[in-house]
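Listed here are the chains, written in short residue letters.
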Amino acid sequence: MTSKPLSGASDADPAAVFAAALSLWKAVFEHKSRNPDFNLSETYNGGDEFMRVVMRIGHQFEVWASVHVVFEETEEVWPYDLEDRFGAACLSTTGVEALASFDDADCLRVAWRLGLPLRVDGRLPVPVCVSSKNPVIGSGFRAFRIRTFRHPINNKSVEAFTSSDEVCDDEFGSPGFGLYGVEASGLLEHIADRTTYLEAVALARKLAPGLELPDCPIVRRS
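Trainee: Explain the environment of L82 here, please?
Mentor: By secondary structure assignment, the location of L82 is in helix α4 (residues 78–94). Sequence separation between L82 and S222 is 140 residues; the distance between their C-alpha atoms is 19 Å.

Trainee: Would you mind going over the side chain of T74 with me for this structure?
Mentor: With respect to the element layout, T74 can be found in the loop between α3 (47–68) and α4. For T74, a relative accessible area of 8% corresponds to the buried category. Of the polar contacts made by the side chain of T74, one reaches the backbone oxygen of F71; its length is 2.7 Å.

Trainee: What should I look at first to understand the pairing of strand β2 (residues 129–133) in this one?
Mentor: Two faces belong to every sheet, and in a regular strand the side chains alternate between them. Only one face of β2 is covered, namely the one carrying V130 and S132; the face carrying C129, S131 and K133 has none of its residues buried. Where β2 lies against strand β3 (residues 143–150), five bridges are found, and the strand directions are antiparallel. Following the sheet pairing, S132 is matched in β3 by F144.

Trainee: Help me understand the nonpolar core, please; the structure alone is not making it clear to me.
Mentor: The tendency in soluble globular proteins is for nonpolar side chains to be buried as a group. Counting residues in each nonpolar core, the largest one holds 59 residues, and the members touching the most others are F61, W64 and L99. Elements with a minimum of two residues in this core: α1 (14–34), α2 (40–44), α3, α4, α5 (104–113), β3, β5 (176–182) and α6 (197–207).

Trainee: Where do I start with α3 in this structure?
Mentor: At 3.6 residues per turn, the α-helix brings residues three or four places apart onto the same side. For α3, which comprises 22 residues, the first-to-last C-alpha distance of 32 Å matches the rise-based estimate of 32 Å (1.5 Å per residue) to within 8%. On its buried side, α3 packs onto α1, α2, α4, α5 and β1 (118–119).

Trainee: Mind showing me how you'd approach the pairing of β3 here?
Mentor: Taken across its eight residues, β3 has six buried, putting it largely inside the fold. Note: β3 against β5, seven bridges, orientation antiparallel. Paired with R145 across the two strands is Y180, which belongs to β5. Across two bridges, the pairing between β3 and strand β4 (residues 159–160) is antiparallel. Each bridged residue has a counterpart across the sheet, and for R150 the counterpart in β4 is E159.

How each quantity is defined
Residues numbered from 1 in each chain as written. Predicted model: local features only at pLDDT ≥ 70, side-chain atom pairs only at ≥ 80, totals over all residues. Heavy atoms only, no water. Helix = DSSP H or I, 4+ residues; strand = E, 2+ residues; numbered from the N terminus. Buried < 20%, exposed > 50% of the residue type's maximum accessible area, 1.4 Å probe, protein only. Polar contact = N/O pair within 3.5 Å; in protein donor to acceptor, adjacent residues only side chain to side chain. Pairing = 2+ DSSP bridges. Core = buried A, V, L, I, M, F, W, Y, C linked by side-chain atoms within 4.5 Å. Expected span 1.5 Å × (residues − 1). Contact = heavy atoms within 4.5 Å.

As C-alpha cells, this is what we get:
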C-alpha cells in the first residue's frame, strides 16, 4: 500500500519529486542513446538547464498529484511507482523536445496515462460514469446514471467521453454531464444534460429522493 500522506496535502514530498525527476532524466537519456542525432544541450540550452527542467516537472507533478490523486486507492509505494513509470509516461505524452512547456494539463495527461485514481471535483476534465439504484418504489427506472459527453471543436456532434479516451484533447471542448434513467431492460432513457457533475446529481436527487450518488466520485483510465 502507498506510503503517501492523505491526498490534498500541500507540501511536496521530496522523495516523490526526486523519483519523478530521476525517472524523467533516465527516460530522456534512454531516448538519446536510441537517437544519437538528438542534441540535449541545444534543445534545453545546456545540461544544467535540462536538470532544472526535470526538477521543475518533478515538483510540479507532485504538487498537482497531492491535490487530485486519491492515494488511498493505489497499491504501489508512490516514489517507487514514479521512478518506475513517470519518465516514460511523460515522454509519451509531451515528447522529448517539449518538456520546458510542461504544464498542469500535461500533469493530467500523464496521470491519466499512468492510470492513477483521480478525484472528480469539478476542476478536471475527466470522464465520469456512475450509477445508483433508484430508491423510489414503483418508478419506471430501476436506477439512474450520470455519464459524460463532449463536443468536437469543429462541429456540433456529440460523442461519449469514456474512461478509454484521452483527456485534455484539443479537438474537444469541455465535457458535459448527461443524466439517464435505467429501465428494467437495461436500456437508457436520456433525461437531461447539465454543465457540471454536481448539477446532474442535484437533478437526479430531485427526481429520486434518497438516491445515493457520490458527490466526488473517483475515476481512472480503463
